[in-house]
Amino acid sequence: MTIRIGNGYDIHRLTPERKLILGGVEITHELGLLGHSDADVLTHAIMDAMLGALSLGDIGHYFPPTDPKWKGADSLMLLSQVNQLVLDRGWKIGNIDSVIVAERPKLKPHIEKMREKIAGVLQLEPNQVGVKATTNEKLDAVGREEGICAYAVVLLEK
Ligand SMILES: [Zn+2]
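Note that the coordinates shown come from a computational prediction; the quantities given were computed from them, not determined experimentally.

### Some details on the overall build of the protein chain
Counting its regular elements, the protein chain contains five helices and seven strands. The N-to-C order of helical and strand elements in the protein chain reads β-β-β-β-α-α-α-β-α-β-α-β. The C-alpha atoms of the protein chain give 15 Å as radius of gyration, which agrees with the globular expectation for 158 residues (15 Å, within 12%). For the protein chain, with 158 residues in total, the buried portion stands at 49%. For the protein chain, restricting intrachain contacts to residue pairs at least 6 apart in sequence, the fraction spanning at least 24 positions comes to 72%. Approximately 8200 Å² of the protein chain is accessible, and the part contributed by carbon and sulfur atoms is 52%.

So, in structure tokens, the structure goes:
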């Protein structure tokens, strides 16, 4: 068996009058993430990790923010397109691990739903999709609630 590993990182700014969507789950909060698509920072980090594992570039290349086609796009739909690129090359996902860094709101109650949603799109078992959440201990921009960031690692097998 051959394996490949990829890592991904993303950050989006928090702003009023936007929805907060993480891992495809809409979370009630007074702030949401700003972006051309739905700004689902977790899903974006996972997509970049999948592309990175195959040295296929990053999501900006496939879904440029300058293209009106992706305005308000559902990131889970973009994730399924990235998954197809992986499958077309004969690879499958072994597992994903990820971390969301957010000062607020409390994400723990939403983690299982995120894992189910992501696993559903990627046709994986939820136990192949790790999602963790932490705060930034009030440090830096994320700690000041100016944004939310996410990190992901993906292992691919062939
Ligand atoms: Zn993003």
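### What to know about the coordination of the zinc ion
Within the protein, Asp10 (OD), His12 (NE2) and His44 (ND1) serve as the donor atoms for the zinc ion, at 2.0 to 2.1 Å. Of note, the zinc ion draws all its donor residues from one chain, in the sequence arrangement D-x1-H-x31-H. Linking Asp10 in strand E1 (residues 3-15) with His44 in helix H1 (residues 41-53), this pair joins segments that are 34 residues apart in sequence. Residue Asp10 is classed as buried on the basis of its relative accessible area of 16%. Here His44 falls in the buried class, since its relative accessible area comes to 6%.

### Some thoughts on the sheet that holds strand E4 (residues 32-33)
Sheets are built from strands that pair by backbone hydrogen bonding, the pairs being arranged parallel or antiparallel. Across the sheet, which stays open at both edges, the five strands sit in the order E4-E1-E7-E5-E6 with mixed pairing between neighbours. Across the chains shown, the open sheet's two edge strands, defined by having one partner strand only, are E4 and strand E6 (129-134). Relative to strand E7 (residues 147-157), E1 is paired through eleven bridges, and the arrangement is antiparallel. Residue pairing for E7: Asn7 is matched across the bridge by Val153. Against the sheet, helix H4 (residues 111-122) contacts strand E5 (92-101) and E6, and its axis sits at roughly 145° relative to E6.

### Here we look at the environment of Val131
Position of Val131 relative to the elements: it lies in strand E6. Residue Val131 is classed as buried on the basis of its relative accessible area, which comes to 8%. Leaving out residues up to four positions away in the same chain, Val131 has contacts with Leu42, Ser98, Ile100, Ile111, Met114, Arg115 and Ile118.

### Overview of the environment of Leu22
With respect to the secondary-structure elements, Leu22 resides in strand E2 (residues 20-22). Residue class for Leu22 comes out buried when judged on its relative accessible area of 0%. Sequence-wise, Leu22 and Met1 are 21 residues apart; in three dimensions their C-alpha atoms are separated by 33 Å. Among all residues touching Leu22, those that are not within four sequence positions of it are Ile27, Leu33, Asp40, Val41, Ile100, Leu107, Met114 and Ile148.

### Let's talk about the pairing of E1
With two bridges joining them, E1 and E4 adopt antiparallel strand pairing. Across the sheet, the residue bridging to Thr15 is Gly32, located in E4.

Parameters at a glance
Residues numbered from 1 in each chain as written. Predicted model: local features only at pLDDT ≥ 70, side-chain atom pairs only at ≥ 80, totals over all residues. Heavy atoms only, no water. Helix = DSSP H or I, 4+ residues; strand = E, 2+ residues; numbered from the N terminus. Rg over C-alpha atoms; globule rule 2.2 N^0.38 Å. Buried < 20%, exposed > 50% of the residue type's maximum accessible area, 1.4 Å probe, protein only. Contact = heavy atoms within 4.5 Å. Areas by Shrake-Rupley, 256 points an atom, 1.4 Å probe, with all protein chains shown as cover. Donors = N, O, S within 2.8 Å, 3.2 Å for Na, K, Ca; no water. Pairing = 2+ DSSP bridges. Axes fitted to C-alpha atoms, helices over the stretch in contact; angles between N-to-C directions.

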